[in-house]
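Below, each chain spelled out in residue letters.
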Amino acid sequence: MPEEEHANQYIVHDRHIHQVVNELYSAGAKAIAINGQRIYRHSSISCVGPVISIDGNNFPAPFVITAIGDQHTLEVSLNLQNGVVDNLVQDNVEVKLEKKSNIEMLARET
C-alpha cells in the first residue's frame, strides 16, 4: 500500500480518462465505452471522490475502456513514444491493452 501522502500518485484521475478517450477518437474510434457506459463526444467525465462520474453515473476503478475501430491504428496511437500509455505509466497508472475481434456496444437509449 502506498504511503498516505503519496496515495494521490496512484489514483486514476478524470484527466487520465480524458487522455485515453481523446486519443482513441483522434485515432478514428467509432465508439467508446467506459465500464460499459457508452461515451459520446459531449459526454461529461469527472472525478467524484474515488470514482469517475460519466454523464451522472458513478464508476469505481478499475476502469475498462472499450473502443471499436481499426485495432492496429488504435493500438499504435495509444503506444506512441511519450504518448498516452507512456504518460499513464509515468503517473503510476497500470495499463493493459487487449485486442478483441468482436465487441458489442449498446447504442444510446432513447
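Residues take numbers from 1 onward in each chain, read along the sequence in its written order. Given that this is a predicted model, residues contribute local features only at a pLDDT of at least 70 and side-chain atom pairs are listed and counted only at 80 or more, while totals for whole chains, interfaces and linings are drawn from all residues. Side-chain measures were taken over the full set of non-hydrogen atoms in the model, leaving aside hydrogen atoms and water.

Turning to the pairing of strand β1 (residues 31-34), a few remarks are in order. Exposed residues in this analysis have more than 50% of their type's maximum accessible area, buried residues have under 20%, and partly exposed residues fall in between, with area computed by a 1.4 Å probe over protein chains only. Each helix corresponds to a stretch of at least 4 residues labelled H or I by DSSP, and each strand to a stretch of at least 2 residues labelled E; elements are numbered beginning at the N terminus. Alternating positions in β1 separate into two faces, Ala31 and Ala33 on one and Ile32 and Ile34 on the other, with burial throughout. Here β1 runs beside strand β2 (residues 37-39); their pairing, made up of 3 bridges, is antiparallel. The residue of β2 that forms the bridge with Ile34 is Gln37. Note on pairing: DSSP must find at least two bridges between two strands before they are called paired. Linking two consecutive strands that pair antiparallel, namely β1 and β2, is a turn of 2 residues; a positive phi of about 50° is found at Asn35 within it.

Bringing the pattern of salt bridges into the picture now. Any two side chains of opposite charge can pair if their charged atoms end up close together. Any Lys or Arg side-chain nitrogen found within 4 Å of a carboxyl oxygen on Asp or Glu counts as a salt bridge. As enumerated under the stated definition, the model contains 4 salt bridges in all. Salt-bridge contacts for Lys96 lead to Glu98; the nearest nitrogen and oxygen are separated by 3.9 Å. Pair check on accessibility: Lys96 and Glu98 agree, each one exposed. For Lys100, the salt bridge is made with Glu98, and the minimal N-O distance between the two is 3.8 Å. Here Lys100 falls in the partly exposed class, since its relative accessible area comes to 49%. A cluster of three or more residues bridged by salt bridges with shared partners is formed by Lys96, Glu98 and Lys100.

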